[in-house]
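Structure at a glance
One-letter residues, chain by chain:
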Amino acid sequence: MFIDEAKFRVTAGDGGDGCVAFRREKYVPRGGPSGGDGGRGGDVILQADQGLSTLLDLHRRRHIKARRGGHGQGKDKHGADGADVVILVPVGTLVYDDDSGELLEDLRHQGRRLVVARGGRGGRGNAQFATPTRQAPDFAEPGQPGASRMIRLELKLLADIGIVGFPSVGKSTLISRISNARPKIAEYPFTTLTPNLGLVGWRDDTSFVVADLPGLIEGAHLGRGLGHRFLRHLERTRVLVHLLDVPLEQALTGRLGRHPLRDYEVLRGELSAYNPRLSELPEIVVLNKRDLPHVREQEAEIAQHFLCLGTPFVSISAATGEHLDLLLDLMGQTLAALGARQP
Ligand SMILES: Nc1nc2c(ncn2[C@@H]2O[C@H](COP(=O)(O)OP(=O)(O)OP(=O)(O)O)[C@@H](O)[C@H]2O)c(=O)[nH]1
Ligand SMILES: [Mg+2]
């Protein structure tokens, strides 16, 4: 299951208390102070990990705690430091302080770490308080409490290209043909319930990440259909692929229920209503299912329309693989023209 939100409390370990002790040695009637320091409490740390693609593991967690530091002991023995707790999260996870709403960090790089709750310092033992005039201090410091707060995680996928389109136009079929993703494919609408990511290899030495999103429908930005919850994953894509098909019913009756050109305008409207920036992204329009005669019939007219708009267009069949090489080149070139992603 794909989960892109989580909220839980993190509490670091308390520092261990300093110790009050005195040396006891043979023939030494009054030994000096020998209480050791307490150990540091463990931190709670988030770490971005490429191997994860969902916050599912954290979804049900309510409270994550690190261990406290050990107390100091006699004979100047320090308490052990509490172990840190390292929580792995997918690359692209935004970390918020849930009380203030403040964005603490955008964990968008593999391996990047963020301490979300710092462990308390250990208290000093009485040995540390000895001075020339106070040779036998009978007190020590308590450990400091570990930090604690509510954090909220929000995953925004870091895909280079987002595939958008109405239900059943063949988005999942397409990603399964060009990438390592193996999503479910079926003829009924809303087969894809959560985003799929796939890695695409292009020209031997280049690769990019493509996201297949659940189908969008008119009113998506208002919450209709499923797509709405996932539109935020488009916010960090750099290129959009609008996938179109020609519904058979439309081809047979000529009725203007769904028509590829209308679908295209409706989707653009939905995306820009959700976030105007999405309508400014470079886009590639793709007509799918050209293996079907009724699609081929309208292909020229549709191609002409996008040619006039100056929008890159290609007609493919995800099912047979026809023209996928053209599409891959368009994708790769469009990304290459944008240069490297900002760090
Ligand atoms: N003839 C033909 N059928 C296709 C082609 N691509 C996809 N299909 C079929 O179209 C149907 C929908 O394909 P999906 O890939 O599941 O479509 P989707 O856009 O991911 O659909 P949702 O996840 O529901 O939004 C399936 O029955 C596919 O086999 C194609 O190029 N030609
Ligand atoms: Mg799908």
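All values reported here derive from a predicted model rather than from experimental measurement. (Residues numbered from 1 in each chain as written. Chains lettered and ligands numbered in written order. Predicted model: local features only at pLDDT ≥ 70, side-chain atom pairs only at ≥ 80, totals over all residues.)

**Overview of the overall build of the protein**
Secondary structure assignment for the protein yields six helices and 14 strands. Taken along the three principal axes of its C-alpha coordinates, the protein extends 105 × 40 × 30 Å. Considering the protein as a whole, with its 343 residues, one finds that 41% of them fall into the buried category. Taking the intrachain contacts of the protein between residues at least 6 apart in sequence as the baseline, contacts between residues at least 24 apart amount to 70%. (Helix = DSSP H or I, 4+ residues; strand = E, 2+ residues; numbered from the N terminus. Buried ≥ 20, exposed ≤ 12 C-beta atoms within 10 Å, placed from the backbone. Contact = placed C-beta atoms within 7 Å.)

**Things to note about the sheet that holds strand β10 (residues 196-202)**
Through backbone hydrogen bonds, the strands of a sheet pair up, either in parallel or in antiparallel fashion. The six strands are arranged β10-β11-β9-β12-β13-β14 in an open sheet whose pairing can be described as mixed. Single-partner strands in this sheet number two, and they are β10 and β14 (313-315). Put simply, the sheet's adjacent strands are angled 25 degrees from each other on average, direction ignored. Across five bridges, strand β9 (residues 161-165) lies against strand β12 (residues 239-244) in parallel orientation. Bridge pairing in β12 places G165 opposite L243. On top of the sheet, helix α4 (residues 260-274) reaches β9, β12 and β13 (283-287); it is set at about 145 degrees to β12, its chief contact. Helix α5 (residues 293-309) rests against β13 and β14 of the sheet, and its axis sits at about 170 degrees to β14. (Pairing = 2+ DSSP bridges. Axes fitted to C-alpha atoms, helices over the stretch in contact; angles between N-to-C directions.)

**Some words on the site of ligand 1**
Looking at ligand 1, there are 24 residues lining it, with G170, S172, T192, G215 and A319 nearest. Within the shell around ligand 1, the residues separate by chemical class into 10 nonpolar, 10 polar and four charged. (Near = placed C-beta within 6 Å. Nonpolar A, V, L, I, M, F, W, Y, C, P; charged D, E, K, R; others polar.)

**Details of the sheet that holds strand β2 (residues 44-49)**
A sheet is described by the order of its strands in space; here three strands give the open sequence β4-β2-β7, paired in mixed fashion. In this open sheet, the two edge strands, each paired with only one partner strand, are β4 (85-90) and β7 (113-117). Each neighbouring strand pair of the sheet contributes to a mean axis angle of 30 degrees, computed without reference to strand direction. Relative to β4, β2 is paired through six bridges, and the arrangement is parallel. Across the sheet, A48 pairs through a bridge with V89, a residue of β4.

**Here's the deal with the confidence of the model for the protein**
Considering every residue of the protein, the mean pLDDT works out to 91; 96% of them sit at 70 or more. The weakest mean pLDDT in the protein belongs to helix α3 (residues 248-253) at 68; the strongest belongs to β7 at 98. (pLDDT = per-residue confidence, 0-100.)

**Here's the deal with α4**
When the terminal C-alpha atoms of α4 are compared, their 21 Å separation across 15 residues agrees well with the 21 Å that a helix rising 1.5 Å per residue should span. Those residues of α4 lying buried are P260, D263, Y264, L267, E270, L271 and Y274. Along the axis of α4, the buried residues cluster in a sector spanning 130 degrees; they form a single face. Packing partners of the buried residues in α4 comprise β9, β12, β13 and α5. (Expected span 1.5 Å × (residues − 1). Arc of directions from axis to C-beta.)

**Description of the environment of D325**
The residue D325 is located in helix α6 (residues 324-338) in this model. Sequence-wise, D325 and W202 are 123 residues apart; in three dimensions their C-alpha atoms are separated by 9.5 Å.

**Remarks on the nonpolar core**
Generally speaking, a soluble globular protein has its nonpolar side chains buried in company with each other. Ranked by internal contacts, the top residues of the largest apolar core, which has 65 residues, are I161, I163, V210 and V286. Looking at this core, the element that brings in the most residues is β12, giving five residues. Taken domain by domain, this core gets at least three of its residues from each of domain 1 (5-155) and domain 2 (161-338). Every residue in contact with I163, bar those within four places of it in the chain, is listed here: K171, L174, I175, V210, A211, D212, L213, V241 and L243. (Core = buried A, V, L, I, M, F, W, Y, C linked by C-beta atoms within 7 Å. Domains from an automatic or database assignment.)

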